[in-house]
Amino acid sequence: MNLRHLRLAHPVDALTHTADTARTHPAELVIVGCSAEKTPTTTPLPALDLYDGGCVPDLRSRVGHLPHQRSRVRFLSAAHGLVTADTRLHTYDRPLDPARAAELRPRVWAQLQPDLFSDHTPDDILVVAEPLYLVLLADLLSDSRRPCIHWIADHAGGWPEAAAILDAWGW
């Protein structure tokens with residue numbers, strides 16, 4: 001198994017889902033692990049502007065100016081759980097460790113459910129996050145109703161793979 005890129009699909013959809021499947025209202029979601037590098041600020045900044053490490057600068061350049069795509073970006077934060085690209089945050093320093101990941105897991109699941117079970121249920125989710133962040137998503141990964149999940153474990157060097165998936169989505 002390639003640990004840098006794992007693709008999970010619905011058990012049933014795994015046989016029928018392809019990149020060429022015509023969808024009338026596709027609703028993809030991007031979930032990115034937070035980064036230790038943050039823009040120093042005394043006033044809160046939107047998360048997409050605050051985080052400044054790993055793949056975030058490339059993601060910001062690609063979708064920061066596109067309201068629909070920006071609205072479909074989430075960050076896994078060791079301090080706050082799951083936040084939107086526009087959630088305003090102060091600079092903070094809270095690394096994720098296994099105990100904190102286990103503590104945040106129920107909160108992240110509760111925060112993620114509106115995105116999963118709404119009129120805009122995603123067909124695909126791109127997760128760009130180091131393996132420990134998957135603990136935060138364990139309930140999503142185990143849910144039989146989950147959409148197709150593309151996981152890229154290399155937050156810093158996985159941007160070319162992430163960009164290829166975004167290209168396929170038309171982002």
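Worth saying up front: this structure is predicted, and the values here are computed from it rather than measured.

So, how was this worked out
- Residues numbered from 1 in each chain as written.
- Predicted model: local features only at pLDDT ≥ 70, side-chain atom pairs only at ≥ 80, totals over all residues.
- Heavy atoms only, no water.
- Helix = DSSP H or I, 4+ residues; strand = E, 2+ residues; numbered from the N terminus.
- Contact = heavy atoms within 4.5 Å.
- Buried < 20%, exposed > 50% of the residue type's maximum accessible area, 1.4 Å probe, protein only.
- Arc of directions from axis to C-beta.
- Expected span 1.5 Å × (residues − 1).
- Bend = angle between axes of the 7 residues up to and from the residue.
- Polar contact = N/O pair within 3.5 Å; in protein donor to acceptor, adjacent residues only side chain to side chain.

### Some points on the environment of A79
Positionally, A79 belongs in the loop between β4 (73-77) and β5 (81-84). Taking C-alpha positions, A79 is 9.5 Å from C34, a pair spaced 45 residues apart along the chain. Setting aside residues no more than four positions away along its own chain, A79 makes contact with Y92, R94, R100 and R107.

### Digging into helix α6 (residues 159-169)
Each α-helix turn comprises 3.6 residues. Residues three or four places apart therefore point the same way. Those residues of α6 not exposed but buried are W159, A162, A163, I165, L166 and W169. Angular distribution of buried residues about the axis of α6 spans 160 degrees; they occupy a single face of the element. Exposed residues lying more than 90 degrees from the buried face of α6 are P160, D167 and A168.

### A look at helix α4 (residues 98-116)
Counted at 1.5 Å a residue, the expected span for α4 with its 19 residues is 27 Å, and the 25 Å between its end C-alpha atoms agrees. Maximum bend of α4: about 40 degrees, positioned at L104, with proline P106 one to four residues after it. Listed as buried for α4 are R100, A101, L104, V108, W109, L112, D115 and L116. Residues of α4 that are buried in the fold lie against β2 (29-33), β4, β5, β7 (124-128) and α5 (138-142). Of the residues that open α4, the one with a side-chain oxygen 3.1 Å from the backbone nitrogen of A99 is D97.

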